[in-house]
Amino acid sequence: MKTITTIVTSAALGLIFAGPLAAQKAGEALTKEECSACHLAYQAYFLPKRSWQAIMADLPNHFGEDASLPDADRAEIEAFLAAGAADRQGRNPRWLQAISQDVVPMRISELSWFTHEHGNRVKNRVAKDPAIGSISNCAACHKGAERGHYDDD
Amino acid sequence: MIKTALLILTTSALLVGGQAVHADPARDKIIADLARAAGTTLSAQRGQAFFTGTHSGGKPDSPSCSTCHTKDMRKPGATRVGKPIDPMAVSVTRDRFTDPEKVAKWFKRNCNSVLGRECTATEQGDILTWLSSL
């Protein structure tokens, strides 16, 4: 009896979670594919929801390029990024607390922790090596950047 | 049967005119459709001039297709962030221009970035004719 209840409960839970989970997986795949056509698919937790919304609302003017997408794809990617943003599920990391609510940070590379950790030594290295290209090319130095591993420097 | 033969003949004629040497049915169709929409003979030479030339009207950081794709189509390019882009020459990157949605998406974006407008069917057809001949 207990087994049956467990099975039924698991099946029901499975049904409840399978939908959103599948959608999240699809959103993740689409986000990786589209963003990484030009740059690392920066992890969603690097920016708060309001930043992702602003970025996804102006793709035709994306940091000096037109990166427009069909609206369905655009919406799916925005939903995925919002769900994983720095302020997801009521979180509020300290670096984010220091930014006023009415300020919308647009560049990860301009966040105070980022500029603090990437001082002149890193800036010179980027400037000297054309193969790196720009400070936004995380994977040039952080080999695990695509998987969210940045502690190798 | 006759229709198919005619279609093949027309397509080959267009391809010979455009010097596309690396045949692929999907790519050939994309170029044939552009040729039809353009209503003129496509020109690899015009395509090269357009692609490697400097334009105005677009975004300041990308005045040319060569900004990212370089001028040597057999070499990899790089995005402005520094991520490599596979070479555009079809002889080097075999699956280039075989997915019509991908081709349309990037023409729309990149022409807008470089020229501040969409590229015409003639411009697109010229470019693909050139890149397919390399």
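Rules behind the numbers
Residues numbered from 1 in each chain as written. Chains lettered and ligands numbered in written order. Predicted model: local features only at pLDDT ≥ 70, side-chain atom pairs only at ≥ 80, totals over all residues. Heavy atoms only, no water. Salt bridge = Lys/Arg side-chain N within 4 Å of Asp/Glu carboxyl O. Helix = DSSP H or I, 4+ residues; strand = E, 2+ residues; numbered from the N terminus. Buried < 20%, exposed > 50% of the residue type's maximum accessible area, 1.4 Å probe, protein only. Contact = heavy atoms within 4.5 Å. Buried area = accessible area lost by both parts, 1.4 Å probe. Polar contact = N/O pair within 3.5 Å; in protein donor to acceptor, adjacent residues only side chain to side chain. Nonpolar A, V, L, I, M, F, W, Y, C, P; charged D, E, K, R; others polar. Patch = residues over 30% accessible without salt bridge, like charges linked within 9 Å, V, L, I, M, F, W, Y side chains within 5 Å. Areas by Shrake-Rupley, 256 points an atom, 1.4 Å probe, with all protein chains shown as cover. Lys, Arg positive; Asp, Glu negative; His and termini not counted. Disulfide = S-S within 2.5 Å. Axes fitted to C-alpha atoms, helices over the stretch in contact; angles between N-to-C directions. Parallel < 35°, antiparallel > 145°, perpendicular 65-115°, else oblique. Left-handed = near helix turned anticlockwise from the far one by under 90°. Phe/Tyr/Trp six-rings, centres within 6.5 Å; stacked < 30°, edge-to-face > 60°. Lys NZ or Arg CZ within 6 Å of the ring centre and 35° of its normal. Domains from an automatic or database assignment.

### Looking at the pattern of salt bridges
Should their charged atoms come close, side chains of opposite charge can pair. Within this structure, the stated rule accounts for 13 salt bridges over all chains. Close ionic contact of A:Glu65 with B:Arg80 constitutes a salt bridge, the shortest N to O distance being 2.6 Å. Residue A:Glu65 is found in the loop between helix H2 (49-57) and helix H3 (71-83), and its partner B:Arg80 is found in the loop between strand E1 (77-78) and strand E2 (84-85); the two belong to separate chains. Its relative accessible area of 28% is what places B:Arg80 among the partly exposed residues.

### Some points on the interface of chain A and chain B
Taken together, the contact between chain A and chain B spans 21 residues of the former and 13 residues of the latter. Surface buried jointly by chain A and chain B totals about 1400 Å² across both partners, of which 43% is contributed by carbon and sulfur atoms. Three residues stand out in chain A for area buried against chain B, namely A:Cys38, A:Glu65 and A:Asp66, and they jointly supply 35% of the buried area on that side. Remark: the boundary between chain A and chain B carries 3 salt bridges. Where chain A packs against chain B, one counts 12 residue pairs in polar contact (both at pLDDT 80 or more). Of the residues in the side of chain A that touches chain B, the class split is 9 nonpolar, 9 polar and 3 charged.

### Describing a nonpolar patch on the surface
Residues and elements named next belong to chain A. Together, Phe63, Val104 and Met106 give the surface a local cluster of nonpolar side chains, amounting to about 210 Å² of exposed area. On the secondary structure map, Phe63 appears in the loop between H2 and H3. Overall, the relative accessible area of 30% leaves Phe63 in the partly exposed class.

### Remarks on the side chain of B:Lys59
In this fold, B:Lys59 is placed in the loop between helix H3 (44-52) and helix H4 (66-69). Buried within the structure, B:Lys59 lacks any salt-bridge partner; A:Asp66 is the closest side chain of opposite charge, at an N-O distance of 6.1 Å. There is a polar contact of 3.1 Å between the side chain of B:Lys59 and the backbone oxygen of A:Pro60. Sequence-distant contacts of B:Lys59, that is, excluding residues within four places in its chain, are made with A:Pro60, A:Asn61, A:Gly64, A:Glu65, A:Asp66 and B:Ser113.

### Describing the state of the cysteines
Taken as a whole and assessed by the stated rule, the structure comprises 1 disulfide over all chains. Paired through a disulfide, B:Cys111 and B:Cys119 show a sulfur-sulfur distance of 2.0 Å. Across the S-S bond of B:Cys111 and B:Cys119 the torsion is about -100°, and the bridge reads as left-handed. Here B:Cys111 falls in the buried class, since its relative accessible area comes to 5%. Judged by relative accessible area, B:Cys119 falls into the buried class, the value being 7%. We note that A:Cys141 lacks a disulfide partner, and the nearest cysteine sulfur, in A:Cys138, lies 9.1 Å from it. The partly exposed category is assigned to A:Cys141, whose relative accessible area is 28%.

### Some thoughts on the packing of H2(A) against H3(A)
Residues and elements named next belong to chain A. Closest axis-to-axis distance for the H2/H3 pair is 9 Å, and the angle between their directions is 165°. With respect to H3, the element H2 is oriented roughly antiparallel. Relative to H3, the crossing made by H2 is right-handed. Counted together, Lys49, Trp52, Gln53, Met56 and Ala57 of H2 and Arg74, Ile77, Glu78, Leu81 and Ala82 of H3 form the full contact between these two elements.

### As for the packing of aromatic side chains
The final tally for this structure, using the stated rule, is 5 aromatic pairs over all chains. Pairing A:Phe46 with A:Tyr150 gives two aromatic rings, centres 5.4 Å apart and planes at 80°, and the pair type is edge-to-face. One end of the pair, A:Phe46, is in the loop between helix H1 (2-35) and H2; the other, A:Tyr150, is in the segment after helix H6 (120-128), with 104 residues separating them in the sequence. Each member of the pair, A:Phe46 as well as A:Tyr150, is classed as buried. Summarising the aromatic geometry, the rings of A:Trp113 and A:Phe114 are spaced 5.7 Å apart at their centres and angled 65° between planes, so their arrangement reads as edge-to-face. Members of the aromatic cluster, each reached through a chain of ring pairs, are A:Tyr45, A:Phe46, A:Trp113, A:Phe114 and A:Tyr150. Over the ring of B:Trp106 we find B:Arg109; its NZ or CZ atom is 4.6 Å from the centre of that ring.

### Remarks on the domain arrangement of chain A
Residues and elements named next belong to chain A. Taken domain by domain, chain A consists of domain 1 (4-91) and domain 2 (107-153). In this complex, domain 1 contributes 8 residues to the contact, which on the side of domain 2 involves 12 residues. In total, domain 1 and domain 2 occlude about 870 Å² of area from one another, counting both sides; carbon and sulfur atoms represent 69% of this. Interface area lost by domain 1 to domain 2 is led by Leu40, Tyr42 and Phe46, which between them contribute 56%. On the surface where domain 1 and domain 2 come into contact, there are 0 salt bridges. Taken together, the links from domain 1 to domain 2 amount to 4 residue pairs in polar contact (both at pLDDT 80 or more).

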